[in-house]
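# Coordinate inspection notes
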Amino acid sequence: MKNHISRTTAKALIATIFTLFAFTSNIFAQENAKNGEKLFKLNCATCHKSHTDQKLTGPGLKGVFDRVQSGSMSKDEWMKKWILNNEKMIKAGDAYANKIFNDNGKATMSVFEGQLTDADVADIMAFIKGPAPIEGPVTGTTTGPTATGDPVDGGTKVEPLYLILGTIVILAILLGAFRSVRNSMQNAANRAEGKAENPDLTFWQETKEWMSGHRRLVGVFAIVIGFIGMKSCWDACYDIGVYYDWETQKGYKPEQPIKFSHKLHAGDNEIACQYCHSSVEKSRHAGIPSVNICMNCHKGIQSGPQYAEKEINKIYNAAGFDPKTQTYDKKKENPLTWIKVHNLPDHVYFNHSQHVVVGKIECTTCHGDVKSMTVAEQKAPLTMKWCIECHRKTEVAMEGNAYYDRLHKALKEKYAGQYDVKFTVEKIGGLECAKCHY
Amino acid sequence: MNKHYKTIKFVFASALVGLVMAGFTSCGKKDENSPGVEFMPDMYRSNSLEYYGTHVVDGVTEQTAKEPVKGTVARGFLPYAYPNTKDGYDAATANLKNPLTAQSREVYEKEGEVLYGKFCVHCHGASGAGDGKVGAKLPGPPPAYGSIQNLTEGKIFHSITYGKGMMGQHASQLTQEERWKLVYYVQKLQGPKAAAADTAKAAVTPTVAAAANH
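Residues numbered from 1 in each chain as written. Chains lettered and ligands numbered in written order. Predicted model: local features only at pLDDT ≥ 70, side-chain atom pairs only at ≥ 80, totals over all residues. Heavy atoms only, no water.

Bringing the overall build of chain B into the picture now. Secondary structure assignment for chain B yields 8 helices and 2 strands. Reading chain B from its N terminus to its C terminus gives the helix and strand order α-β-β-α-α-α-α-α-α-α. Here the analysis covers contacts within chain B between residues at least 6 apart in sequence; of these, 56% occur between residues at least 24 apart. When the accessible area of chain B is evaluated, it comes to approximately 11700 Å², of which 62% is carbon and sulfur surface. (Helix = DSSP H or I, 4+ residues; strand = E, 2+ residues; numbered from the N terminus. Contact = heavy atoms within 4.5 Å. Areas by Shrake-Rupley, 256 points an atom, 1.4 Å probe, with all protein chains shown as cover.)

Structure, rendered in structure tokens:
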């Protein structure tokens with residue numbers, strides 16, 4: 001009996017100790033995993049996903065512990081060695097280490113020996129084995145406003161030209177009908193009265209007859225029509241080569257091969273204009289970025305807030321990039337043909353760097369509020385009148401410009417009181433023909 | 001009677017003429033997808049090859065933008081001696097030194113800051129903590145500069161030039177000089193420790209600096 005009790009107590013005691021131990025060790029394990037998560041974010045997250053298959057620079061780590069072939073070592077030991085110094089393992093000829101090395105394009109992983117202790121590595125491994133962390137609000141696709149509005153929505157608008165043509169056709173039919181009705185009625189009346197039938201005149205003959213009877217009216221009418229015609233031709237000439245509607249202040253806004261949104265990139269994500277148009281401060285062209293610049297970010301960002309993967313895949317198609325393996329294939333490149341929105345004819349010289357660097361003109365002065373455009377649109381007429389007007393009123397940015405520091409000071413002293421001292425671009429030759437046409 | 005009909009006819013005819021005129025003038029109204037009428041279109045769309053797109057040579061469609069021919073150097077660019085490999089990375093880490101020494105560090109840091117604001121801030125964040133808006137959307141966000149103290153100036157330069165991991169290459173956007181200015185600024189963001197370490201190292205091995213000038 002006594003024996004029996006003591007045995008059960010002993011059992012209970014052991015059980016309690018065991019559960020207690022399991023419980024505390026569980027707490028410890030959680031602590032470890034938490035620390036591991038922190039370390040992972042700091043050291044590994046730039047190249048590895050901890051709980052998915054997605055390949056970044058290195059492979060995704062979901063299920064690594066299942067796939068590792070550690071040979072005679074235990075898996076944990078193998079992983080620890082690999083994490084601390086993968087190069088050493090590759091050189092030592094470990095079969096699986098070399099397989100990983102070759103499978104990942106012979107890119108070596110950073111060596112963490114000296115940076116991470118054995119305990120750190122154990123924590124990291126605990127984190128990888130444990131459940132996936134709950135992701136914060138920044139998971140890429142879910143952030144940012146999605147209601148950017150579909151840019152191509154014209155509604156059911158009828159071309160005014162078709163409307164006019166339609167009216168003309170209807171009028172012509174009506175006119176013909178009236179004419180024949182009138183003719184047959186008059187002929188009927190004539191026959192009843194016993195008169196001769198009207199001669200069957202054509203429309204043109206009738207018109208001529210009418211016109212010869214109303215010469216003065218026709219003359220005045222012709223002059224008015226002629227004048228209106230000339231005026232509208234003259235006005236139409238103003239629109240030639242101008243991709244801008246003066247009345248609605250709307251410009252050329254072509255559909256591009258990719259539905260790229262400046263609002264999303266420059267507006268919401270605050271990427272500077274110069275990041276992509278990087279030659280704007282160095283050359284006459286602001287430059288349309290080549291696809292490698294898209295890839296600088298889109299190597300990682302594979303899905304957008306509005307079109308998900310659809311539009312971004314077009315970049316990959318252009319670059320010959322496979323997002324799954326993170327590799328490029330030169331043979332699969334398909335260049336993008338962007339459509340130039342701001343297009344000056346070749347007989348005009350315009351230099352971006354001169355305006356932006358020396359003139360200190362903001363991008364928005366000529367291009368409008370690009371940060372709010374889903375589709376890039378021409379916001380200035382880009383006519384010569386527009387250039388000249390700006391050159392007439394814009395003052396030269398002299399501050400901080402060593403060249404003008406000296407010259408301007410000297411001129412001011414020399415001509416003190418003789419001239420007004422507002423130095424517009426015009427005053428330094430901004431209206432000379434050969435400044436832009438040569 | 002006849003006169004009455006004639007008036008109607010006159011009205012119709014003049015309406016017709018007026019509408020034709022209106023039709024002509026409205027032809028010029030803008031379709032946002034069309035550039036409209038161009039006088040001398042050759043001047044707007046030149047016959048020479050545009051570099052964004054393709055052209056056909058001997059029946060083969062080719063990309064117009066090309067890499068420089070082997071052995072040549074694109075205008076405005078300097079060749080860079082270290083290859084985009086692990087060995088190149090290590091060699092640059094060990095040997096490459098900042099050649100910009102003509103002016104004080106502060107001057108370069110200032111210029112670097114401006115460049116940083118245009119080329120790096122959206123990923124690395126204003127303080128270099130890796131908290132830029134784009135950086136946060138990358139699957140692997142950039143590390144805080146302060147946490148990676150083992151960067152030598154050569155390593156920073158190499159990483160800007162070729163990129164690293166999720167960071168793309170920036171050689172096509174930045175000249176070497178600009179990249180070196182950025183190195184100064186990145187070191188500033190790293191905190192005083194890193195900058196001091198590199199200056200100390202530079203003082204010990206001044207001769208290697210020449211290697212950077214390729």
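Another aspect to go through is the confidence of the model for chain B. Averaged over every residue, the pLDDT of chain B is 79; the share at 70 or more is 78%. Every residue in residues 200-214 of chain B scores below 50 in pLDDT, and together they form 15 contacts with partners more than four places removed in sequence or on other chains. (pLDDT = per-residue confidence, 0-100.)

Moving on: the side chain of Ser278(A). Mapped onto the fold, Ser278(A) is located in the loop between helix 11 (273-276) and helix 12 (291-298). Once residues lying within four places of it in the same chain are set aside, the contact partners of Ser278(A) are Ala286(A), Ile293(A), Phe119(B), Ser172(B) and Gln173(B).

A few words now on the pattern of salt bridges. All told, the structure shown has 17 salt bridges over all chains when counted by the stated rule. Here Asp268(A) and Lys263(A) are joined by a salt bridge, their closest N and O atoms 3.9 Å apart. Judged by relative accessible area, Lys263(A) falls into the partly exposed class, the value being 21%. A salt bridge links Lys86(B) to Asp90(B), with the nearest nitrogen and oxygen atoms 3.4 Å apart. A residue pair is termed a helical-turn pair when its members lie 3 or 4 positions apart in one helix, as Lys86(B) and Asp90(B) do in helix 2 (residues 86-95) at 4 residues. In this structure, a network of salt bridges that share partners links the residues Lys310(A), Glu311(A) and Lys314(A). (Salt bridge = Lys/Arg side-chain N within 4 Å of Asp/Glu carboxyl O. Buried < 20%, exposed > 50% of the residue type's maximum accessible area, 1.4 Å probe, protein only.)

Under the counting rule described, the total for this entry stands at 0 disulfides over all chains. Take Cys366(A): it sits in no disulfide, and the sulfur closest to it among the cysteines is that of Cys390(A), at 6.5 Å. Note on Cys120(B): no disulfide assigned, nearest cysteine sulfur contributed by Cys123(B) at a separation of 8.7 Å. Take Cys120(B): its relative accessible area is 14%, and that puts it in the buried class. (Disulfide = S-S within 2.5 Å.)

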